[in-house]
Amino acid sequence: MPDPLLRIEHLDAFYGDVQVLWDISLKIYPGEVVAVIGPNGAGKSTLMCAIMGLVRARGRGGPVVTYDGQALDGVSPEEVVRKGITLVPEGATVFPDMSCMDNLRLGAYSLKDRDRETALLEEVLTLFPKLRERSRQTAKTLSGGERQMLAIARALMSQPRFLLLDEPSLGLHPLMVSLIFENIEKINERGVTVLLVEQKVTFALKMSDRAYVLENGHVVLDGPGESLLGDEHVRKAYLSVS
Amino acid sequence: MSRGLVTGLVLAAVLAVLPFVWPGYHLSLLTIIFYWIGLAACWNLMCGYTGYIDFGSAAYTGVGAYVAGILMIRLHLPLAVSILAAGMGAALVALAVGWPTLRLRGAYFAIATFALAEALKQVAEEWASLTEGGIGMTFTIRLDEMTYYWLYLGLSGLVVGLTWWIEHHKHGYGLKAIHEDEEAAAQVGVGTHVLKIKTYALTAFFIGILGSLEANRLGYFKPDDVFDVHITIKMVIMSLLGGMGTVIGPVFGASFLQIIEDILGAEFINYYLVIVGVIIVVVIMFMPNGVARTILLRFKKPAGAEK
Amino acid sequence: MLFIQALTNGILLGGIYALYSAGFSLIFGVMGVVNIAHGEMIMLGAFTTYWLFEILRLDPFTTLPFSLFGLFVLGYLLQRFVINRVVDAPPIMSYIMTFGIHLVLANVALLAWTADPRTITTSYSGANFKLMGITIPYIKLITFLISLAVVGGLYWLLHHSRTGRAIQATAQDRRMARLMGINVRQIYAVTFGLGAGITGMAGSLVASFRHVEPAMGLPYTITAFCVVVLGGMGYIPGALIGGLILGVIGSVSTMVFTSGWSTAITFFLLFLMLLFRPAGITGRGIVE
């Protein structure tokens, strides 16, 4: 078993004075797709933010977040991005008043090798042909699904080793949802490790190698995606609706 | 409360009697100090509590001076009537200007009010048929030294008392809520726009009265004197240094600064403005959330925060 | 004919208005800071030109790179070490802080250089040429052209360079910008430096045809604000539009009313804009 790409140990995270996560520990191995599921308000987004350094986190002695053997404690979000971790936050957040093309170019801002930018643009536009059509349009004129694609495409422009996706299917039309998940699989096939926070539990568990269940800021369950699909608690809590 | 009231009354009595004990030069200094306490308290009441910075308060000393001047000198109206009208005039201008600007970001209010002061100065210079333009106006009817002192004492006490009252009553909670988080205040039902305008007009009223009295006391004034941006600057500095958003702040700020100015003399005004500027910048650099709030935060345990 | 002359004067003036307002708009648009010390950037640029002219006999137009560079550095350092502390604080703190900076800069200048107004007179100071009966002073024309070029250049920079895109991103969504790997603190400093630099250049240009004195700053801050409100706060092309409109209105009203009423008219215009259309004529201004 290779070393984990990302290791989180005994993480407590806060929004201001309010504690949102308690004693979170998890591991993610290179090449995996790992899902984090759980109800709203469980702290899933906070977990993502903690990895990126956007939210202050506390451990119990020792590094809290270790990436590729290096501790990420106290590293600024800009620096975390340069190390190869990219987050696509929830809500299809693109830069609304810039064109799609400019949004994508911005994604490549942190690239060490600037010459790669044109080649990457080609790759990304081939993966998401819809965006090629819309490349000159201002981002805010795109539909919800297109903006989500743009956000993911933009994230790819930074050539991440590790991609964090926060609710990529949120508010999207079912057809769009399948498309998005197909694309995530394609991205993973290219060697990008993926951590996925999702409400669409069935999709998430089906495509993930392993998953964690987060409730009220605690990890309550973890295991291979398929087996969690069959788990009693998971079925009762999350699958009767989804 | 009653202990404070007694101290207050004793203090008031002492201050009221002072002119008899300390006539002449000292009386003049005290008079000026209370004038500035009054002005600073007005500025503080508006800006310290709403968080909207006014850079054009001099507009109202000017409006006050000219309304009183025109009424008394041209129309021969009695002093008391003219002074009151001066305050009303200032309040009316404040209402007109406050209405569009106070519903926008603070930046708009700050510079719009500054522009107002400069614009009115120009109007006063140009409209010579009304205001005598650059030649200036001269009051023939004036009061005696001690009356001005008592008037300023009373007015500044009134404004400070008003500040105290507002701080402890509904109006004040509303204002402070606006200062903290305007959107939340609006959602909770605080009529933010109206509250801001009322406060602005109220303080403009007093500034107008003070401005008109001072113009009368000096006897002669020109547009440059009464619309001078340095008036506003002094008011701002006095409130800042004394402690914005507190009741007693302007009292200390105004007294302290005016005494320093008196000791150093007007030639040193540039030096002390530099020093004041540096102090302001340095203080804010190290306490960007304002002096009061930073001290408060020290007493809370930091559990974690968003970067 | 007199009207056409006034119109022309106004347009030429509008160019320089646009130049010294663009920096103000940029800084506000990107980091929400209203720079009360804005006029002092103009003043410092003007004095840079004056002293270089006085001491080294440099032609005023050749001093432009000096004020651009000098004010860029000053602005960068100011933002990085001083103003950056209030970017996340309540906006009122940035007004007070820049007010403090204004006090320091204006009064140190006053103490150092006295209040005497200075003028720059060159061999071509009064020269003009006639085009279809309209008199066009050379200095004003060159100033206008340079202003257009610089504002245009700024716009180009913002939309076609990596740093420019980073600046726009930071202005639109700061958190997201950080997630792109953008060092927001650095971008803020660069933006402020850029704004200060082009404003300094405007000051240098102004020195050729206006008096240079330490107290000159504040009226320019007001005008810059009015221009930017007209054109839309935070929208660079708006600075050009607002500048031209204000320039023309100022010029025409000078012709009609004599120069005395121009501030009052400008204010009245500002007042009307804030009342009816705070987002500016273009509607692209940041309002709340």
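What counts as what
- Residues numbered from 1 in each chain as written.
- Chains lettered and ligands numbered in written order.
- Predicted model: local features only at pLDDT ≥ 70, side-chain atom pairs only at ≥ 80, totals over all residues.
- Heavy atoms only, no water.
- Helix = DSSP H or I, 4+ residues; strand = E, 2+ residues; numbered from the N terminus.
- Rg over C-alpha atoms; globule rule 2.2 N^0.38 Å.
- Buried < 20%, exposed > 50% of the residue type's maximum accessible area, 1.4 Å probe, protein only.
- Contact = heavy atoms within 4.5 Å.
- Areas by Shrake-Rupley, 256 points an atom, 1.4 Å probe, with all protein chains shown as cover.
- Lys, Arg positive; Asp, Glu negative; His and termini not counted.
- Charge placed at Lys NZ, Arg CZ, Asp CG, Glu CD.
- Axes fitted to C-alpha atoms, helices over the stretch in contact; angles between N-to-C directions.
- Parallel < 35°, antiparallel > 145°, perpendicular 65-115°, else oblique.
- Left-handed = near helix turned anticlockwise from the far one by under 90°.
- Nonpolar A, V, L, I, M, F, W, Y, C, P; charged D, E, K, R; others polar.
- Phe/Tyr/Trp six-rings, centres within 6.5 Å; stacked < 30°, edge-to-face > 60°.
- Lys NZ or Arg CZ within 6 Å of the ring centre and 35° of its normal.
- Buried area = accessible area lost by both parts, 1.4 Å probe.
- Salt bridge = Lys/Arg side-chain N within 4 Å of Asp/Glu carboxyl O.
- Polar contact = N/O pair within 3.5 Å; in protein donor to acceptor, adjacent residues only side chain to side chain.
- Pairing = 2+ DSSP bridges.
- Expected span 1.5 Å × (residues − 1).
- 1 Å grid on protein atoms, 1.4 Å probe; cavity = no way out; pocket = protein on both sides within 12 Å on 5 of 7 lines; lining within 4 Å.
- Points joined across faces, edges and corners; volume = space filled by probe spheres on them.
- Domains from an automatic or database assignment.

(A) Structural detail: the overall build of chain A. When helices and strands are tallied, chain A shows 10 helices and 11 strands. The C-alpha atoms of chain A give a radius of gyration of 17 Å, which matches the 18 Å a tight globule of 242 residues would have. The C-alpha extent of chain A, read off along each of the three principal axes, is 45 × 40 × 40 Å. Classification of the 242 residues of chain A by burial places 55% in the buried group. The long-range fraction of contacts in chain A, counting pairs at least 24 apart against all pairs at least 6 apart in sequence, stands at 67%. As displayed, chain A has an accessible area near 10200 Å², and 49% of this comes from carbon and sulfur atoms. With 27 positive and 32 negative side-chain charges, chain A shows a separation of 3 Å between the mean positions of the two kinds.

(B) Summary view of the packing of helix H12 (residues 229-242) of chain B against helix H14 (residues 269-286) of chain B. Residues and elements named next belong to chain B. Interaxial distance between H12 and H14 falls to 12 Å at its minimum, and their mutual angle equals 45 degrees. Overall, the two elements H12 and H14 adopt an arrangement that is oblique. For the pair H12 and H14, the crossing hand works out as left-handed. Contacts from His 230, Ile 233, Lys 234, Ile 237, Leu 240 and Leu 241 of H12 reach H14 at Tyr 272, Leu 273, Val 276, Ile 279 and Ile 280. Considered class by class, the residues forming the contact of H12 with H14 number 9 nonpolar, 1 polar and 1 charged.

(C) The arrangement of the packing of aromatic side chains in detail. All told, the structure shown has 24 aromatic pairs over all chains when counted by the stated rule. Seen from their ring centres, Tyr35(B) and Trp36(B) are 5.5 Å apart, and the 70 degrees between their planes marks the pair as edge-to-face. Overall, the relative accessible area of 6% leaves Tyr35(B) in the buried class. Under the relative-accessibility criterion, Trp36(B) is labelled buried at 8%. For the pair Tyr60(B) and Tyr200(B), a centre-to-centre distance of 5.7 Å together with 80 degrees between the ring planes defines the contact as edge-to-face. With Tyr60(B) in helix H3 (residues 58-74) and Tyr200(B) in helix H10 (residues 192-218), this residue pair connects regions lying 140 residues apart in the sequence. Note on accessibility: Tyr60(B) and Tyr200(B) belong to one class, buried. The ring of Phe286(B) has Arg85(C) sitting right over it, with the charged end atom 5.1 Å from the ring centre. Here Lys140(C) stacks its cationic end above the ring of Phe209(C), 5.4 Å away from the centre of that ring.

(D) Broad picture of the packing of helix H3 (residues 100-107) of chain A against helix H6 (residues 144-156) of chain A. Residue and element names in this part refer to chain A. Where H3 meets H6, the closest approach of the two axes is 7 Å, and the angle between their N-to-C directions is 35 degrees. In the packing of H3 onto H6, the handedness of the crossing is right-handed. From H3, Cys 100, Asn 103, Leu 104 and Gly 107 reach across to H6, where they touch Leu 150, Ala 153 and Arg 154. Considering only residue class, the contact of H3 with H6 consists of 4 nonpolar, 2 polar and 1 charged.

(E) Inspection of the interface of chain B and chain C at higher detail. Across the contact, 50 residues belong to chain B and 49 residues belong to chain C. Summed over both sides, the interface of chain B with chain C buries roughly 4300 Å², with 77% coming from carbon and sulfur. Summed over the three residues of chain B that lose the most area to chain C, namely Arg105(B), Tyr108(B) and Ile111(B), the buried surface amounts to 17% of that side. Taken together, the links from chain B to chain C amount to 0 salt bridges. The interface formed by chain B and chain C holds 6 residue pairs in polar contact (both at pLDDT 80 or more) in total. At the level of elements, helix H4 (79-101), helix H5 (106-126), H12 and H14 of chain B are the ones that each hand at least two residues to the side of chain B that touches chain C. For the side of chain B that touches chain C, the residue count by class is 35 nonpolar, 9 polar and 6 charged.

(F) The environment of Val229(B), seen in detail. Mapped onto the elements of the fold, Val229(B) is located in helix H12. Classification of Val229(B) by relative accessible area gives buried; the value is 18%. Distance from Val229(B) to Leu153(B), taken between C-alpha atoms, is 24 Å for residues 76 residues apart in sequence. Among residues more than four places away in sequence, those in contact with Val229(B) are Phe114(B), Glu118(B) and Leu218(C).

(G) Structural view of the sheet that holds strand E8 (residues 162-166) of chain A. Residues and elements named next belong to chain A. As summarised here, the arrangement of the 6 strands in space is E7-E8-E9-E3-E10-E11, forming an open sheet in which the pairing is mixed. Only two strands of the sheet have a single partner each, and these edge strands are strand E7 (85-88) and strand E11 (218-224). Here the strands of the sheet are splayed against their neighbours by 15 degrees on average, with no regard to which way each runs. Where E7 meets E8, 4 bridges bridge the pair, whose relative direction is parallel. By the bridge assignment for E8, Ile 85 is matched with Phe 162. Along the sheet, helix H1 (residues 44-52) makes contact with strand E3 (33-37), E7, E8, strand E9 (193-197) and strand E10 (210-215), crossing E8 at roughly 150 degrees.

(H) Representation of H3(B) in the model. Residues and elements named next belong to chain B. For H3, spanning 17 residues, the distance from its first C-alpha to its last is 23 Å, which sits close to the expected 24 Å at 1.5 Å a residue. Counting buried positions along H3 gives 14 out of 17 residues, so the element sits mostly inside the fold. Just past H3, the residue His 76 takes up positive phi, approximately 55 degrees.

(I) Quick look at the layout of surface pockets. Reported here for the largest pocket is a volume of approximately 1300 Å³. Put simply, the parts of the chain that give the lining of the largest pocket at least two residues each are H5, H12 and H14 of chain B together with helix H1 (2-31), helix H4 (91-113), helix H9 (217-231), helix H10 (236-257) and helix H11 (262-276) of chain C. For the lining of the largest pocket, the leading source of residues is H9(C), giving 6 residues. Here the residues of the lining of the largest pocket are counted per class, giving 22 nonpolar, 16 polar and 5 charged. Residue assignment places the lining of the largest pocket across two domains, with domain 1 (22-264) and domain 2 (266-299) of chain B each supplying three or more.

(J) Region of interest: the pairing of E11(A). All names here are of chain A. As paired strands, E10 and E11 are joined by 6 bridges and run antiparallel to one another. From the neighbouring strand, Tyr 212 faces E11, where its bridge partner is Asp 222. If you look at the hairpin formed by E10 and E11, you'll find 2 residues sitting between the two strands, and Asn 216 has a positive phi there, around 50 degrees.

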